[in-house]
Amino acid sequence: MSMNIAEKILAAKSGKKHVEPGELVIADIDLVLANDITAPIAIKEFRASGATKVWDRTKVALVPDHFTPNKDIKSAEQAKLLRDFAHEQKLTHYYDQGEVGIEHALLPEQGVVVPGDLVIGADSHTCTYGALGAFATGVGSTDAAFGMMTGKAWFKVPETIKFVYKGKLNKWVSSKDLILYTIGDIGVDGALYKVMEFTGPVIDKLSMDARLTMSNMAIEAGGKAGLINPDETTLEYVKGRAEHKWKVFTSDKDAKYEKVIEYDCSKIEPIVSCPSLPENTKPVSKLGKIAVDQSVIGSCTNGRMEDLRIAAKILKGKKVNSRVRCLIFPGTKEIYLQALKEGLIELFVKSGAIFSMPTCGPCLGGHMGILAKGEVAVSTTNRNFVGRMGSTESSVYLASPAVAAASAILGRIGTPEDLKK
Amino acid sequence: MLLKGKVWKFGNDIDTDLIIPARYLNTSDPAELAKHCMEDADKTWAGKVQKGDIITAGKNFGCGSSREHAPVAIKAAGVSCVIAKDFARIFYRNSFNIGLPIFESEEASAKIAQEDVVEIDADKGVIRNITKNETYKVKPIPPFMQELVEAGGLIAYGKTKYKIK
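Residues numbered from 1 in each chain as written. Chains lettered and ligands numbered in written order. Predicted model: local features only at pLDDT ≥ 70, side-chain atom pairs only at ≥ 80, totals over all residues.

For this particular structure, what's the right way to read the overall build of chain B?
Of regular secondary structure, chain B possesses 8 helices and 7 strands. For chain B, whose C-alpha radius of gyration is 15 Å, the value lies close to the compact-globule estimate of 15 Å for 165 residues. Along the first, second and third principal axes, the C-alpha set of chain B runs to 55 × 40 × 25 Å. A total of 165 residues make up chain B; the buried ones form 49% of that total. Taking as baseline every contact in chain B between residues at least 6 positions apart, the subset at least 24 positions apart corresponds to 67%. (Helix = DSSP H or I, 4+ residues; strand = E, 2+ residues; numbered from the N terminus. Rg over C-alpha atoms; globule rule 2.2 N^0.38 Å. Buried ≥ 20, exposed ≤ 12 C-beta atoms within 10 Å, placed from the backbone. Contact = placed C-beta atoms within 7 Å.)

As structure tokens, then:
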């Protein structure tokens, strides 16, 4: 009986030969993760249950990345709760001091998640790891606590929508544009409870960094996971960094899908998501003049090396508009170091941008770049909900690193082509 | 389980940032979270909501973040249950896990108005709109979710099924 990649992983991890959408399985997980916002509740639930030891100290990852470096006393207390728990349980995947990175940039980079894994994370963007061919999905703190106690999670086997990306990518169109376009097409609940499987010749050619960006935003369409079948690019990426053995699962040719959606990518232009839902997409060319106060380049969506290189290519020898705060934050320490080696940090600072340490800070209006009433940001992050980056009367336009960097120079939303005009 | 209360009506795609803005997530204290519940949708709501009140909404309620603080804040604000056309996946799981009753009903979501008084018979799966004298059907809860509820939540269920260290 044929299965798609999501069904194959869920079947394998629940000890079954075959699973069907709608079926309920209790599966063995390979990793459970939580951050400084979600772990405190999970730890509280864990303790309240009477449990004293996590099921496997090598398979619980705690990444305090949201309000760190601690933004205030309350955040410091929360971070301390994680630190104490991690030390008490002797967790091997706790990241502190200079080791911390944005969780969904950090864990794939460090080879903690590999193809074929089943991962739950108390963070909605856990779906990022689907790019590696791992079934990874966001859960709440109680589900994470259950995972920490038992090494298990329950799943309703979801239906899968297959997306096929064909055609030639236009200049400055990145995987961020593809995923925004997709969300604009199907809506913020277009994949509710379902898996999004990204396929086609365009996906085959994407780098790992670019694929991680696409899978990252599956949740913005309501998706349970955003999967890409592992190929040479995937294996090239995991070789040398994988912490444990991987297993390649791929969809059968005759696998069943809830539906198949095809896109001709040659029709896709650089795009933004207008306030205040990711589905409100518009090509930059049809946007009109939108002045910006802040340009944010980074996050679990677009804080990887490839993103920084694109931003650097555009900012090189140029100045950030005097009315714009351009904040660039790398995903991890490794990315930070690589940017340092390549001279990107000097380039950014000379251009007038602000280069920060890895943190989720501004993406969720936490700290390190909050918007005032009436202010507008163009951002490579993943959500533009009301008040997401600050005041409820501020607004956020989601965009690719190329558009965010060009907009920082222009002082309005535009593409690198507009810099030539 | 019988729940009765006055309705606060919200729209489609109510996201978790509206339910509890991230700037308040430096605590997980339910009472503290309740003070800011729905703040970015309606600044005065947390001061107006009464114990037992009911939230109704359109599609995709609770979309966005995985923060369990969202259903926790709603529950701690005194809300007895949430009725929506449908719920975002993680919010749906979280609500069951923390014991916030939620009900899916397209009909109820469309027909119930602000300040209507409604009564929900969870066992029979029926919502009665006392103000309008109408009844609506609730989409049945999947059997496994029912099992979780009966066990007293996910953690209690886990303790009965698995050996905990």
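And the narrative resumes.
When you look at the packing of helix H2 (residues 39–48) of chain A against helix H3 (residues 73–88) of chain A in this model, what are you seeing that I'm missing?
Each pair of packed helices can be described by the angle between their axes along with the distance between the axes. Residues and elements named next belong to chain A. At a minimum axis separation of 9 Å, H2 and H3 run at an interaxial angle of 50 degrees. Here H2 lies oblique to H3, going by the angle between them. For the crossing formed where H2 meets H3, the hand is left-handed. Every residue of H3 that contacts H2 at Ala39, Pro40 and Ile43 is listed here: Gln78, Leu81, Leu82 and Phe85. The residue inventory of the contact of H2 with H3, partitioned by class, reads 6 nonpolar, 1 polar and no charged. (Axes fitted to C-alpha atoms, helices over the stretch in contact; angles between N-to-C directions. Parallel < 35°, antiparallel > 145°, perpendicular 65-115°, else oblique. Left-handed = near helix turned anticlockwise from the far one by under 90°. Nonpolar A, V, L, I, M, F, W, Y, C, P; charged D, E, K, R; others polar.)

Would you explain the sheet that holds strand S5 (residues 117–121) of chain B in this entry?
All names here are of chain B. Taken in spatial order, the 7 strands of this open sheet run S4-S3-S2-S1-S5-S6-S7, and their pairing is mixed. The open sheet has two free edges, formed respectively by strand S4 (102–104) and strand S7 (134–137), since each of these has just one partner strand. Averaged over all adjacent pairs, the angle separating strand axes in this sheet is 30 degrees, with direction ignored. As paired strands, strand S1 (residues 2–9) and S5 are joined by 5 bridges and run antiparallel to one another. Residue pairing in the sheet places Lys4 in a bridge with Glu119 of S5. (Pairing = 2+ DSSP bridges.)

Where do I start with the nonpolar core in this structure?
One broad trend across soluble globular proteins is that nonpolar side chains are buried collectively. Membership of the largest hydrophobic core comes to 194 residues, with the highest contact counts inside it found for A:Ala42, A:Leu62, A:Val113, A:Met148, B:Ala73, B:Ile74 and B:Val82. In terms of residue count, helix H14 (residues 401–410) of chain A provides more of this core than any other element does, 8 residues in total. Not counting the four nearest positions on each side in its chain, A:Met148 is found in contact with A:Val32, A:Ala42, A:Phe46, A:Val54, A:Trp55 and A:Val60. (Core = buried A, V, L, I, M, F, W, Y, C linked by C-beta atoms within 7 Å.)

So what exactly am I meant to see when it comes to the interface of chain A and chain B here?
Often, the extent of an interface is quoted as the loss of accessible area upon association of its parts. Opposite the 47 residues of chain A that make contact, chain B presents 36 residues. Elements represented by at least two residues in the side of chain A that touches chain B include exactly H2, H3 and helix H5 (141–150) of chain A. Of the residues in the side of chain A that touches chain B, the class split is 20 nonpolar, 17 polar and 10 charged.

Would you take a moment to explain helix H8 (residues 208–216) of chain A for this structure?
The buried fraction of H8(A) amounts to 8 of the 9 residues, a majority that puts the element mostly inside the structure. Those residues of H8(A) not exposed but buried are A:Asp209, A:Ala210, A:Arg211, A:Leu212, A:Thr213, A:Met214, A:Ser215 and A:Asn216.

How should I be thinking about unusual backbone geometry in this particular structure?
Where the residue is not glycine, phi is negative for most of them; where a peptide bond is considered, it is trans in most cases. Residues and elements named next belong to chain A. Between Thr68 and the following residue, Pro69, the backbone shows a cis peptide bond with an omega angle of -10 degrees. Looking at where Pro69 falls in the secondary structure, it is placed in the loop between strand S3 (60–63) and H3. Cis geometry marks the peptide bond from Pro275 to Ser276; its omega dihedral reads 0 degrees. Located in the positive-phi region is Ser299, a residue other than glycine, with phi close to 85 degrees.

Is there a simple way to think about the packing of helix H11 (residues 305–315) of chain A against H14(A) in this case?
Residues and elements named next belong to chain A. Interhelical geometry of H11 versus H14 gives an angle of 30 degrees and a closest axis separation of 8 Å. It follows from the interaxial angle that H11 and H14 lie roughly parallel. With respect to the hand of their crossing, H11 and H14 are arranged in right-handed fashion. Of the residues in H14, those touching H11 at Asp307, Ile310, Ala311, Ile314 and Leu315 are Pro401, Ala402, Ala405, Ala406 and Ile409. Split into classes, the residues belonging to the contact of H11 with H14 amount to 9 nonpolar, no polar and 1 charged.

Teacher, can you tell me more about the environment of A:Gly147 here?
Residue and element names in this part refer to chain A. Structurally, the position occupied by Gly147 is in helix H5. Linking Gly147 and Lys59, residues 88 residues apart in sequence, is a C-alpha distance of 9.8 Å. Contact partners of Gly147, with chain neighbours within four places excluded, come to Ile29, Val32, Ile120, Lys152 and Ala153.

Would you take a moment to explain the environment of B:Glu115 for this structure?
Mapped onto the secondary structure, B:Glu115 falls in the loop between helix H6 (106–111) and S5. Look past the residues within four positions of B:Glu115 in its chain and what remains in contact with it is B:Lys6 and B:Val7.

What am I meant to see in the pairing of S3(A) here?
Taken residue by residue, a regular strand's side chains alternate between the two faces of the sheet. All names here are of chain A. Neither face of S3 is open: one carries Val60 and Leu62, the other Ala61 and Val63, and all of them are buried. In this sheet, S3 lies alongside strand S2 (residues 31–35) in parallel orientation, the contact comprising 4 bridges. Looking at the pairing, Leu33 lines up with Ala61 of S3. You can see the chain leave S2, run along H2 and come back into S3, and the turn it takes is right-handed. Where S3 meets strand S4 (residues 93–94), 2 bridges bridge the pair, whose relative direction is parallel. When the bridges of S4 are listed, Leu62 appears paired with Tyr94. In the classification by handedness, the crossover that spans S3, the intervening H3 and the parallel S4 is right-handed. (Right-handed = clockwise from strand over helix to strand, strands pointing away.)

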